Amino acid sequence: MSKIIPYSTLLRQQHVSFLRHKDREYREREDYLGGLRKLMFQVEGQMRQAEIQQLEVFREMAGHFNINLKFPDLGDRVGLQEVFATNPFLIALKEFFAGRITAEECSEKILALQDESPTP
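The rules we used
Residues numbered from 1 in each chain as written. Predicted model: local features only at pLDDT ≥ 70, side-chain atom pairs only at ≥ 80, totals over all residues. Heavy atoms only, no water. Buried < 20%, exposed > 50% of the residue type's maximum accessible area, 1.4 Å probe, protein only. Helix = DSSP H or I, 4+ residues; strand = E, 2+ residues; numbered from the N terminus. Contact = heavy atoms within 4.5 Å. Polar contact = N/O pair within 3.5 Å; in protein donor to acceptor, adjacent residues only side chain to side chain. Axes fitted to C-alpha atoms, helices over the stretch in contact; angles between N-to-C directions. Parallel < 35°, antiparallel > 145°, perpendicular 65-115°, else oblique. Nonpolar A, V, L, I, M, F, W, Y, C, P; charged D, E, K, R; others polar. Core = buried A, V, L, I, M, F, W, Y, C linked by side-chain atoms within 4.5 Å.

Is there a simple way to explain helix α3 (residues 88-97) in this structure?
Turn by turn, an α-helix covers 3.6 residues, leaving residues three or four places apart pointing in a common direction. Listed in full, the buried residues belonging to α3 are Phe 89, Leu 90, Ala 92, Leu 93 and Glu 95. As for α3, its buried residues are in contact with α1 (7-64), α2 (77-86) and α4 (103-116). Backbone nitrogen of Phe 89 and a side-chain oxygen of the N-cap are separated by 2.8 Å at the start of α3; the cap is Asn 87. The first or second residue beyond α3 is Gly 99, which carries a positive phi of 85°.

Would you mind going over the packing of α3 against α4 with me for this structure?
The description of two packed helices rests on the angle between their axes and on the distance between the axes. Where α3 meets α4, the axes come as close as 9 Å, and the angle between the chain directions of the two elements is 180°. In terms of orientation, α3 and α4 fall into the roughly antiparallel class. Side by side, α3 and α4 meet where Pro 88, Phe 89, Ala 92, Leu 93, Glu 95 and Phe 96 of the first sit next to Ala 103, Cys 106, Lys 109, Ile 110 and Leu 113 of the second. Across the contact of α3 with α4, the residue classes tally to nine nonpolar, no polar and two charged.

Quick question: what am I supposed to make of the nonpolar core here?
Among soluble globular proteins, nonpolar side chains are generally buried collectively. Formed by 18 residues in total, the largest nonpolar core has its most connected members in Phe 58, Leu 69, Phe 71, Phe 84, Phe 89, Leu 90 and Leu 93. Contributions of two or more residues to this core are made by α1, α2, α3 and α4. If one sorts the elements of this core by residue count, α1 sits on top with four residues. Residues contacting Phe 58, with those up to four places away along its chain left out, are Leu 69, Phe 71, Phe 84, Phe 89, Leu 90, Leu 93 and Phe 97.

As structure tokens, this is what we get:
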């Protein structure tokens, strides 16, 4: 003779099975998110390193042209944006790197800046 399983037992087993299934789904997504966070952290670090290298290019160019160039602290993003928006030397270089002016035009702008404010 077959045993009859009470409805409450079946319902409880269904709930347990559902919870286990959702637990697996959640953990898989959590593992995936953890991997993405790690990847994003690595990419962010590489981007930051590239930004620092770009700033070094500007420092090197300022040294070549004997231009006094001071950048704010590396963490000061707003200050950095302000310097790039207001400093005539950096504006000339940004225009050159963007292809809006030629090397000759950039050199003329920089030399004009040197003539305006001679360094001691």
